[in-house]
Amino acid sequence: MSPVVSPAPGQAPQRLRHRRSVRRLTTGQLADFRAAVAAVQTISDDRGFQFWAGIHGLPLPISCTHHSELFLPWHRAYLYLFEKALQDQVPGVTLPWWDWTKEHAEGIPASYTKRRAENKRNPLYDSPIQPGGRERPSQKRTTRVPGPPGQLPSAGQVEAVLANRDFLTFQTQLESIHDGVHVWVGGTMESIATAAYDPIFWAHHAMIDRLWYLWQLRHPGAGVPPRLLDRALAPFPMTVRDTLEVTGLGYDYAASTAAAKGPGHG
Ligand SMILES: [Cu+2]
């Protein structure tokens, strides 16, 4: 690559935005995030929450790539584009992550479980389910039926998964942990067709994406098998290669705990 002194127009480096733990959001950050989610929930076209939630499942086709080799890259692209839709409403907001390993006692974060917040309906509590097209979901609003405290994945389980140096092994084991959290939350989150309508979906998947990021820091020589790099991540205009560097996508993960610190993240 030739040295570039000043970036070409349109290619100016984006300012990095940090995704944070739900529990570490300041009052102002949480209010901004809620405002962004509330705003997209009122939009019925392709900038809105129903459109983005519907890409995962209903309306058909179901595009998400669970139990495929593209599970992590596809969901990284999905979160990235949904986060941009939120930023179109409230500049600078980012998707927070739900660290379920730390919340055995608490379960779903309190910011998602209150019906009302800041004297308004809490947009993180639930959402309508209104897929376009002809599908008629059996539920009109999202619900949760959380499992018993103490049955979310533990830090030790996550650590064992992160220790895998082979990407596909890591991905398969991480997806299995991910499945368990979907089932633990229960209700809408239990079904691929409707899961993304629950606002907690995005915080759960931000955690999964963050664990991939931590794995990447830990195993710099390992990576996605080269044969997958040019695979398209339909319906997004991105390939697997486009998802490999989160900083290239304009975001980074804030260090939240000693265990989360990798090189350059102290
Ligand atoms: Cu999922």
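Nothing here was measured: the structure is a model prediction, and the numbers come from that model.

About the cut-offs
Residues numbered from 1 in each chain as written. Predicted model: local features only at pLDDT ≥ 70, side-chain atom pairs only at ≥ 80, totals over all residues. Heavy atoms only, no water. Helix = DSSP H or I, 4+ residues; strand = E, 2+ residues; numbered from the N terminus. Buried < 20%, exposed > 50% of the residue type's maximum accessible area, 1.4 Å probe, protein only. Areas by Shrake-Rupley, 256 points an atom, 1.4 Å probe, with all protein chains shown as cover. Donors = N, O, S within 2.8 Å, 3.2 Å for Na, K, Ca; no water. Expected span 1.5 Å × (residues − 1). Axes fitted to C-alpha atoms, helices over the stretch in contact; angles between N-to-C directions. Parallel < 35°, antiparallel > 145°, perpendicular 65-115°, else oblique. Contact = heavy atoms within 4.5 Å. Core = buried A, V, L, I, M, F, W, Y, C linked by side-chain atoms within 4.5 Å. Phe/Tyr/Trp six-rings, centres within 6.5 Å; stacked < 30°, edge-to-face > 60°. Lys NZ or Arg CZ within 6 Å of the ring centre and 35° of its normal.

### Concerning the overall build of the protein
Here's step 1: Along the backbone of the protein there are 7 helices and 4 strands.
Here's step 2: Reading the protein from its N end, one meets helices and strands in the order β-α-α-α-α-β-β-α-α-α-β.
Here's step 3: Counting over 266 residues, the protein shows a buried share of 50%.
Here's step 4: Summed over all atoms, the accessible surface of the protein reaches about 12,700 Å², with 54% contributed by carbon and sulfur.

### Considerations on the coordination of the copper ion
As a benchmark, a tetrahedral metal site with four donors has ideal angles of 109.5 degrees, while an octahedral site with six donors has ideal angles of 90 or 180 degrees.
Here's step 1: At the metal site, the copper ion is ligated by His 178 (NE2), His 182 (NE2) and His 205 (NE2), and these contacts range over 1.9 to 2.2 Å.
Here's step 2: Mapping the donors of the copper ion onto the primary sequence yields the spacing H-x3-H-x22-H. Taken together, the residues His 182 in helix α6 (residues 167-185) and His 205 in helix α7 (residues 200-218) connect sequence positions 23 residues apart.
Here's step 3: Taking relative accessible area as the criterion, His 182 reaches 7% and is therefore assigned buried.

### Focus on α7
Here's step 1: Here α7 contains 19 residues, and its C-alpha end-to-end distance of 27 Å stays within 8% of the 27 Å for a straight helix at 1.5 Å per residue.
Here's step 2: With 16 of 19 residues buried, α7 lies mostly within the body of the structure.

### With respect to the packing of helix α2 (residues 49-56) against helix α3 (residues 71-89)
Here's step 1: The geometry of α2 relative to α3 is characterised by a closest axis approach of 11 Å and an angle of 175 degrees between their N-to-C directions. Taken as axis vectors, α2 and α3 run roughly antiparallel relative to one another. Residues Phe 49, Trp 52, Ala 53, Ile 55 and His 56 of α2 pack against Trp 74, His 75, Tyr 78, Leu 81, Phe 82 and Ala 85 of α3.

### Some points on the nonpolar core
Here's step 1: If you look at the biggest cluster of nonpolar residues, it comprises 71 residues, and the most contacted ones within it are Tyr 78, Leu 86, Trp 98, Trp 100, Phe 170 and Trp 202.
Here's step 2: Put simply, the parts of the chain that give this core at least two residues each are α1 (27-41), α2, α3, α5 (155-162), α6, α7 and β4 (251-253).
Here's step 3: Beyond its immediate sequence surroundings of up to four residues, Phe 170 is in contact with Leu 72, Val 161, Leu 162, Asn 164, Leu 211, Trp 212 and Trp 215.

### Some words on α6
Here's step 1: In a regular helix each residue adds 1.5 Å, so 19 residues correspond to 27 Å; α6 covers 27 Å between its end C-alpha atoms and thus fits that length.
Here's step 2: Looking at α6, one finds that the buried residues are Phe 167, Phe 170, Gln 171, Leu 174, Glu 175, Ile 177, His 178, Val 181, His 182, Trp 184 and Val 185.
Here's step 3: Along its buried surface, α6 packs onto α3, α5 and α7.
Here's step 4: The positive-phi residue at the C-terminal boundary of α6 is Gly 186, with phi of around 70 degrees.

### Structural notes on the environment of Ala 36
Here's step 1: Relative to the elements of secondary structure, Ala 36 occurs in helix α1.
Here's step 2: Separated by 57 residues in the primary sequence, Ala 36 and Val 93 have C-alpha atoms spaced 7.5 Å apart.
Here's step 3: Ala 36 has contacts with Leu 86, Gln 89, Val 90 and Val 93, leaving out every residue within four places of it along the chain.

### Comments concerning the packing of aromatic side chains
Here's step 1: Counted under the stated rule, the structure contains 16 aromatic pairs.
Here's step 2: Between Phe 82 and Trp 202 the ring centres are 3.9 Å apart and the planes differ by 25 degrees, which places this aromatic pair in the stacked class. Highlighted residues: Phe 82 in helix α3 and Trp 202 in helix α7, separated in sequence by 120 residues.
Here's step 3: Ring geometry for Phe 201 versus Trp 202: centroids 5.0 Å apart, planes at 75 degrees, classification edge-to-face. A single burial state applies to Phe 201 and to Trp 202, both of which are buried.
Here's step 4: Each residue in the set Phe 49, Trp 74, Tyr 78, Phe 82, Phe 201, Trp 202 and Phe 236 is aromatic and connected to the rest through ring pairs, giving one cluster.
Here's step 5: Taking the ring centre of Tyr 251 as reference, the NZ or CZ of Arg 19 above it sits at 3.6 Å.
Here's step 6: Cation over ring: Arg 76 sits above Trp 212, and NZ or CZ is 3.8 Å from the ring centre.

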